[in-house]
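What follows is each chain in one-letter form.
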Amino acid sequence: MEPSSHPRPALMHPAGAPEWLAQTQEDILEPELPIIDPHHHLWGAPRIPYLRDDILADAHSGHKVVATVFAECSEQYRGQGPDDFRPVGETEFVTALAEEVAALPAQSVALCAGITSYAELCLGTRVREVLEAHITAGRGRFRGIRQSSVWDASGEVRTTTRTPPARLLYDPRLRAGFAELAPLGLSFDAWLYHPQMSDLADLAKAFPDTTIILDHVGGLVGIGPYAGKRDEVFHVWSQGIHRLSQHENVYVKLGGLGMPLAGFGFHLRDKPPGSQELADAWRPYIETCIAAFGPARCMFESNFPVDQASCSYPVLWNAFKRLAQGCSASEKADLFSRTAAKVYRLSLPLG
């Protein structure tokens, strides 16, 4: 598989430019609350770069970000060698960057303390060798893989350059590869659209010993044929969330709603919204997830730089803190750090 054949999500709408984001400034809420950001990307050209210094600048912008987890994005694949092993280059790239940061003096952020990368699970049992190569390349940081299964009948709903086949998660070849994850202690990050959540529920039932993380509250779609149907979409989406929550091996990332995909349209404004407006818009989805899964199976995520299409990093985490205002101190600890630490097996001081 050539590196260019794997999905490469667009960075952001032009509205996410620094000068646009800078129009909305806020004081940091609860600045001493420890945060593990369990989902961000790193990439260079030809996409608008978001690399080491960019994530560090965001992590140091006021909130107490103590660690992060890298999410695969088809970056720095190997340029040579067997095709199946080329994605291991992404783990090598992120590991080297993380070790550089760890060596910096007085560094307060454990950058990319966990890494999720890509391996083609449809290789079946042969994927084990690729997974073992990722583990070796990660030097203690590699935690699991993410394989996109996003599919919709409408051509208006696209977030990747390559569209996986419909019902990919039912493919016997993928399931044979999926069976290799748990024996190696690896997790699976699921990126799909909300009408596909029943597919993931079936997978979770078939593999109860494999930790599965639902990305971006289940891929809420509010564009194309879903636009203007928010009540109808919410009904279908919430059914999927409740169905998935019945499987104790499934966790959910609370975020991704800043993507244009969700249909809120914040990226179309002359000025980005503040955290209160974001919290008001996202509350039904976040509260539904927390009620269904419980705080111990939920974790707030930045999904940066993609969600930068709607707001800055400080404003995003302020919105999450507003959404968690009614939670106890223990519940906040779960939502902002403990769940992520558990799922991605991070040993960090969180006080």
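Quick caveat, the model's predicted, so the values are computed rather than measured.

(A) Here's a closer look at the overall build of the chain. When its secondary structure is counted, the chain shows 11 helices and eight strands. For 351 residues, the compact-globule estimate of 2.2 N^0.38 gives 20 Å, and the C-alpha radius of gyration of the chain, at 19 Å, lies within 12% of that figure. Along the three orthogonal principal directions, the C-alpha set of the chain runs to about 50 × 50 × 40 Å. A buried classification covers 59% of the 351 residues belonging to the chain. The long-range fraction of contacts in the chain, counting pairs at least 24 apart against all pairs at least 6 apart in sequence, stands at 81%. Of the roughly 13,300 Å² of accessible surface on the chain, a fraction of 53% belongs to carbon and sulfur atoms. For the chain, the distance from the average position of its 32 positive side-chain charges to the average position of its 41 negative side-chain charges is 3 Å.

(B) Representation of helix 9 (residues 275-293). Where helix 9 bends most, at Trp-282, the angle is about 60 degrees, and the proline Pro-284 comes one to four residues later. Of the residues trailing helix 9, Gly-294 is marked for its positive phi of about 85 degrees.

(C) How the structure looks around the nonpolar core. Phe-188, Leu-200, Leu-254 and Trp-282 are the most contacted members of the largest nonpolar core, which has 95 residues in total. Residue contributions to this core peak at nine residues, all from helix 9. Contact partners of Phe-188, with chain neighbours within four places excluded, come to Leu-121, Ile-145, Gln-147, Leu-169, Phe-178, Leu-181, Leu-200, Leu-203, Thr-211, Ile-212 and Ile-213. Among the nonpolar cores identified, the runner-up in size contains 13 residues, and Val-69, Ala-340, Val-343 and Tyr-344 belong to it.

(D) Expanded view of the side chain of Thr-210. The topology assignment puts Thr-210 in the loop between helix 6 (197-206) and strand 6 (212-214). Each residue touching Thr-210, except ones within four places of it in the same chain, is listed here: Phe-178, Leu-181, Ala-182, Leu-186 and Asn-249.

(E) Expanded view of the sheet that holds strand 1 (residues 34-40). One open sheet holds the eight strands; their spatial order is 1-2-3-4-5-6-7-8, and the pairing between them is parallel. Looking at the sheet topology across the chains shown, the edges are occupied by strand 1 and strand 8 (298-300). Adjacent strand axes in the sheet meet at a mean angle of 30 degrees, parallel and antiparallel pairs treated alike. Of the strand pairs in this sheet, strand 4 (residues 142-148) and strand 5 (residues 187-191) are connected by five bridges, and their pairing is parallel. In the strand pairing of strand 5, Arg-146 is matched with Asp-189. This element, helix 3 (residues 88-102), spans strand 2 (64-70), strand 3 (110-117) and strand 4 of the sheet and lies at about 170 degrees to strand 3. Relative to the sheet, helix 6 contacts strand 5, strand 6 and strand 7 (250-254), its axis offset from that of strand 6 by approximately 165 degrees.

(F) Broad picture of the environment of Gln-107. Mapped onto the secondary structure, Gln-107 falls in the loop between helix 3 and strand 3. Gln-107 gets classed as partly exposed once you look at its relative accessible area, which sits at 23%. With 211 residues separating them along the chain, Gln-107 and Asn-318 place their C-alpha atoms 23 Å apart.

(G) Local environment of the pattern of salt bridges. By the definition in use, this model includes 20 salt bridges. The salt bridge partner of Glu-180 is Arg-128, with a shortest N-O separation of 3.2 Å. Placement of Glu-180 in the loop between helix 5 (172-178) and strand 5 and of Arg-128 in helix 4 (residues 127-138) is noted, with a sequence separation of 52 residues between them. Residue Arg-146 is joined to Asp-215 by a salt bridge in which the shortest nitrogen-to-oxygen separation is 3.2 Å. Within this pair, whereas Arg-146 is found in strand 4, its partner Asp-215 is found in the loop between strand 6 and helix 7 (216-219), the two being separated by 69 residues in sequence.

(H) Geometry of helix 10 (residues 313-323). Among the 11 residues of helix 10, 10 are classified as buried, and the element is accordingly described as predominantly covered. Inspection of helix 10 places Tyr-313, Pro-314, Val-315, Leu-316, Trp-317, Asn-318, Ala-319, Phe-320, Lys-321 and Leu-323 among the buried residues, and these make up the whole buried set.

(I) Representation of the pairing of strand 5. With five of its five residues buried, strand 5 lies for the most part within the structure. Bridge count for strand 5 against strand 6 is three bridges, and the pairing is parallel. Bridged to Ala-190 within strand 6 is Leu-214. With helix 6 bridging strand 5 and its parallel neighbour strand 6, the resulting β-α-β unit is right-handed.

(J) Structural detail: the packing of aromatic side chains. In the structure shown here, the tally under the stated rule is 15 aromatic pairs. Judged by centre distance (6.0 Å) and plane angle (80 degrees), the ring pair of Phe-264 and Tyr-285 falls under edge-to-face. Within this pair, whereas Phe-264 is found in the loop between strand 7 and helix 9, its partner Tyr-285 is found in helix 9, the two being separated by 21 residues in sequence. Both residues of the pair, Phe-264 and Tyr-285, belong to the buried class.

So, how was this worked out
Residues numbered from 1 in each chain as written. Predicted model: local features only at pLDDT ≥ 70, side-chain atom pairs only at ≥ 80, totals over all residues. Heavy atoms only, no water. Helix = DSSP H or I, 4+ residues; strand = E, 2+ residues; numbered from the N terminus. Rg over C-alpha atoms; globule rule 2.2 N^0.38 Å. Buried < 20%, exposed > 50% of the residue type's maximum accessible area, 1.4 Å probe, protein only. Contact = heavy atoms within 4.5 Å. Areas by Shrake-Rupley, 256 points an atom, 1.4 Å probe, with all protein chains shown as cover. Lys, Arg positive; Asp, Glu negative; His and termini not counted. Charge placed at Lys NZ, Arg CZ, Asp CG, Glu CD. Bend = angle between axes of the 7 residues up to and from the residue. Core = buried A, V, L, I, M, F, W, Y, C linked by side-chain atoms within 4.5 Å. Pairing = 2+ DSSP bridges. Axes fitted to C-alpha atoms, helices over the stretch in contact; angles between N-to-C directions. Salt bridge = Lys/Arg side-chain N within 4 Å of Asp/Glu carboxyl O. Right-handed = clockwise from strand over helix to strand, strands pointing away. Phe/Tyr/Trp six-rings, centres within 6.5 Å; stacked < 30°, edge-to-face > 60°.

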